[in-house]
Amino acid sequence: MKFVSTRGGEKVTGAQAVVTGLSANGGLYVPEKFPQVTAAEMEAMLEMGYAERAAKIIKKYLDEYDSAELLSACESAYSKFEKSDPAPLVRIDDGVYMLELWHGPTCAFKDVALTLLPYLLRKGCDLCGIKEEILVLVATSGDTGKAALEGFKDADGVKITVFYPSDGVSKMQKLQMCTQDGKNVNVVAVKGNFDDCQTAVKEIFASETCVNELKRKNIVLSSANSINFGRLVPQIAYYFSAYCDLVSSEQIEMGEEVDFTVPTGNFGNVLAAYYAKKMGLPVRRLHCASNENKIIADFLSTGVYDTRREFYKTTAPSMDILVSSNLERLLFEVSGRNAKLTAQRMAQLKDNGVYEITAEELEKIRETFDGGFADEETSVEAMYGVFEDAGYTMDPHTGCAMKVAIDWFEKHKKDETKMVIVSTANPYKFPQDVLYAVTGNDVKDSFKGIKRLHAATAMAVPKCLSGLRDKPLRFTEVVDRKKLFEEILAFVEK
Ligand SMILES: *Cc1c(COP(=O)(O)O)cnc(C)c1O
């Protein structure tokens, strides 16, 4: 399988796509065509455990990776999850299920991809004959950073630097990152919001001066952000796995279409669902859920992507995003894989903060996608309602998705299609906000929030969060976004 860039240029192998992360012209790598999963393969997958299902799906894209080795890498990555299944499905009502993706080492769905990415990257380097040291750069709105740090800490031949917006992540997220151990890690707060942070990191990738200066030091750059195809591909697997689980537990017949509602920020998670559909998974609709930063919902109703708007800080910080990078991959598909047009639109976005797609393209998108959003009040209401009715506790990101799903049910009362809501974080990652949603009580301290939330819900508290209290802060630096490269040089020269 070869990969092409959404903005045109040379084809590359899967290994090259994973290692470079982003194409030289700024485009994102996409598979040349979508591999198909046959009915027989679906049947066979019913009998498999999660790691084996994941290895099968990933192998279809990264076909130069050795099958047995890929399987053993998946087994080792997913053994780091608390449960034997890293993507369990929980029924919360008739025809409504939660796909819980947060049982990994950092309690967010990013773990599904980032526990495996170090292998995909290291092997990718071998396949490409790269001997240099790898420097992984990450811009994070909160959860990617920690998951990447855990994934890459103390890995051989790799260093990692995570940049997060100084005033854009939750207390718990910040603590998780700033207490990170490992010899090869660096964590830096950047003044501004996530978009500022992501733009500054992208500029380093795009700067020949920066890239060459690192090359002289025998270092090549790679990215662990969701623009990297190596992040996307492990995420496709859990849509297949969830579907198999629905069939195995006799909730649906094989071949029956289902819907997914996905809390959406950088558009990576929901794009993986779209890729699964393209591979033949019986998916009817994909509901994108936003918080008050509802740029995706607006885009899906108007066809205009307009970032010239106020940016809100919400209790679902991993969705506080105005530039959803992975949307570029969807634009590329619905434009008929028109790289020139995609590049033009991305240039318009950069220069003017806005672009528009055609009515036909919008219609094509809306055949599969719709969008909704929850503001702070309505997401709390959804979280409270489900806690009261079903005794189920969810985090604020999943709360937004819940609200969007509820809106859909209200509007389509006769709809019998099964709905899977993708649950993206452990509620204890946002203890104060979740406590407020389920009890109406406010507490000032995160650890007190954990204690009270435990008292209210009896859910098990993950050690990786409760243990943070006693860990020393290692990283406290805040830098201007113009100073990122200096920060990187200082770190690699250490
Ligand atoms: C990253 C994240 C999201 C958004 O996912 P995208 O792939 O960026 O759309 C939603 N919820 C949580 C908890 C996250 O960490």
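It should be noted that the structure appears before, not after, this text.
Please read all numbers here as calculations on a predicted model, not as lab measurements. Starting afresh in each chain, residues are numbered from 1 along the sequence in its written order. Totals for whole chains, interfaces and linings use every residue, but because this is a predicted model, local features are given only for residues with pLDDT of at least 70 and side-chain atom pairs only at 80 or more, for both listing and counting. Only hydrogens and water are set aside; all other atoms, that is, all heavy atoms of the structure, feed into the side-chain values.

**Q** Quick rundown of the overall build of the protein? Include the residues and the values.
**A** Helix and strand labels come from DSSP, where a helix needs a run of H or I of at least four residues and a strand needs a run of E of at least two; each type is numbered from the N terminus. For the protein, the count of helices and strands is 22 helices and 16 strands. In terms of C-alpha radius of gyration, the protein reaches 21 Å, essentially the compact-globule figure of 23 Å for 494 residues. Projected onto its principal axes, the C-alpha coordinates of the protein cover approximately 60 × 50 × 45 Å. Restricting the contact set of the protein to residue pairs at least 6 apart, pairs at least 24 apart contribute 75%. Carbon and sulfur atoms make up 48% of the accessible area of the protein, which totals about 19,400 Å². By the counting scheme adopted, Arg and Lys are positive, Glu and Asp are negative, and His together with the chain ends is not counted. For this purpose, a charge sits on NZ of Lys, CZ of Arg, CG of Asp or CD of Glu. Taking the average place of the 60 positive charges on the side chains of the protein and the average place of its 71 negative ones, the gap between the two points comes to 4 Å. Restricting the calculation to C-alpha atoms gives the radius of gyration, and the globule rule supplies 2.2 Å times the number of residues raised to the power 0.38. Two residues form a contact once any of their heavy atoms are found within 4.5 Å. Computed with the Shrake-Rupley method and a 1.4 Å probe, the accessible areas treat only the protein chains shown as cover for residues.

**Q** Give a detailed account of the environment of serine 207, specifying residues and quantitative values.
**A** Counting through the fold element by element, serine 207 comes out in the loop between α9 (194–206) and α10 (208–216). As for serine 207 and glycine 336, which are separated by 129 residues in sequence, their C-alpha atoms are 30 Å apart.

**Q** Please give an account of the site of the ligand that cites residues and values.
**A** Near residues are defined by distance, with any heavy atom within 4 Å of the molecule or strand qualifying the residue. As a matter of local geometry, the ligand sits amid 15 residues, with Lys110, Asp143, Gly265, Asn266 and Asn269 nearest to it. Contacts described as polar in this section are N or O atom pairs within 3.5 Å, which, within protein, must combine one atom able to donate a hydrogen with one able to accept it, while residues neighboring in sequence count only if both atoms come from side chains. Separating an oxygen atom of the ligand from a backbone N or O atom of asparagine 269 is a distance of 2.8 Å. Note that Gly is not counted as nonpolar here; it falls among the polar residues with everything else outside the nonpolar set of Ala, Val, Leu, Ile, Met, Phe, Trp, Tyr, Cys and Pro and the charged set of Asp, Glu, Lys and Arg. Its residues assigned to classes, the shell around the ligand comprises five nonpolar, eight polar and two charged.

**Q** Report on the pairing of strand β5 (residues 96–100), specifying residues and quantitative values.
**A** Of all five residues in β5, five are buried; the element is thus mostly enclosed. Only protein chains enter the accessibility calculation, which uses a 1.4 Å probe; a residue whose area is less than 20% of its type maximum is buried, one above 50% is exposed, and one in between is partly exposed. Taking every second residue as pointing to the same face, both faces of β5 are buried, with Val96, Met98 and Glu100 on one and Tyr97 and Leu99 on the other. Two strands are counted as paired when DSSP detects at least two bridges linking them. As judged from the four bridges shared by strand β4 (residues 89–93) and β5, these two strands associate in the antiparallel manner. Paired with valine 90 across the strands is methionine 98, a residue of β5. Hairpin geometry of β4 and β5 is characterised by an intervening segment of two residues between the two adjacent antiparallel strands and by a positive phi of about 75° at glycine 95. As defined by bridge partners, β5 adjoins strand β15 (residues 418–423) across five bridges and the pair is classed as parallel. By the bridge assignment, leucine 99 is partnered in β15 with valine 422.

**Q** How would you explain helix α18 (residues 396–411) if you had to name every residue and give the values?
**A** If you check α18, its first and last C-alpha atoms are 23 Å apart, about what 16 residues at 1.5 Å a residue would give, namely 22 Å. Along α18, the residues classified as buried are Pro396, His397, Thr398, Gly399, Cys400, Ala401, Met402, Lys403, Val404, Ala405 and Trp408. A helix is expected to span 1.5 Å multiplied by its residue count minus one.

**Q** Pulling in residues and values, what's your account of the sheet that holds strand β2 (residues 12–13)?
**A** The strand order β2-β1-β3 describes an open sheet built from three strands, whose pairing is antiparallel. Here the strands that pair on one side only, and so sit at the sheet edges, are β2 and β3 (29–31). Bridge count for strand β1 (residues 2–5) against β3 is three bridges, and the pairing is antiparallel. Across the sheet, the residue bridging to serine 5 is tyrosine 29, located in β3.

**Q** Describe the packing of helix α12 (residues 268–278) against helix α14 (residues 327–334), with residues and values.
**A** Contact geometry of α12 with α14 gives a least axis separation of 9 Å together with a crossing angle of 35°. Here Leu271, Tyr274 and Tyr275 of α12 come into contact with α14, specifically with Arg329, Leu330 and Glu333. Split by residue class, the contact of α12 with α14 holds four nonpolar, no polar and two charged. Only the stretch in contact is used when fitting a helix axis, every axis being a line fitted to C-alpha atoms; angles between N-to-C directions are given from 0 to 180 degrees.

**Q** Which residues make up the packing of helix α17 (residues 376–390) against α18, and what values go with them?
**A** With their axes 8 Å apart at the nearest point, α17 and α18 run at an angle of 85° to one another. What the angle tells us is that α17 and α18 run roughly perpendicular. Residues Thr378, Ser379, Ala382, Met383 and Val386 of α17 pack against Pro396, Gly399, Cys400, Met402, Lys403 and Ile406 of α18. Considering only residue class, the contact of α17 with α18 consists of seven nonpolar, three polar and one charged. When describing relative orientation, an angle under 35 degrees is termed roughly parallel and one over 145 degrees roughly antiparallel, while 65 to 115 degrees is termed roughly perpendicular and anything else oblique.

**Q** Outline helix α7 (residues 143–152), supporting the account with residue identities and numerical values.
**A** In terms of residue burial, α7 counts as a mostly covered element, since eight of its ten residues are buried. Inspection of α7 places Asp143, Thr144, Gly145, Lys146, Ala147, Ala148, Leu149 and Phe152 among the buried residues, and these make up the whole buried set. Positive backbone phi, at 60°, marks aspartate 154, one or two positions downstream of α7.

**Q** Could you give an account of the pairing of strand β11 (residues 283–290), naming the residues involved and the relevant values?
**A** The element β11 is extensively covered by neighbouring structure, given that seven of its eight residues are classed as buried. Sheet topology places strand β10 (residues 258–263) next to β11; five bridges connect them, and they run parallel. Within β11, the residue paired with proline 263 across the bridge is alanine 289. A crossover gets the label right-handed when its path from the first strand over the helix to the second runs clockwise, viewed with the strands pointing away from the viewer. Each parallel crossover has a hand, and the one from β10 via α12 to β11 is right-handed.

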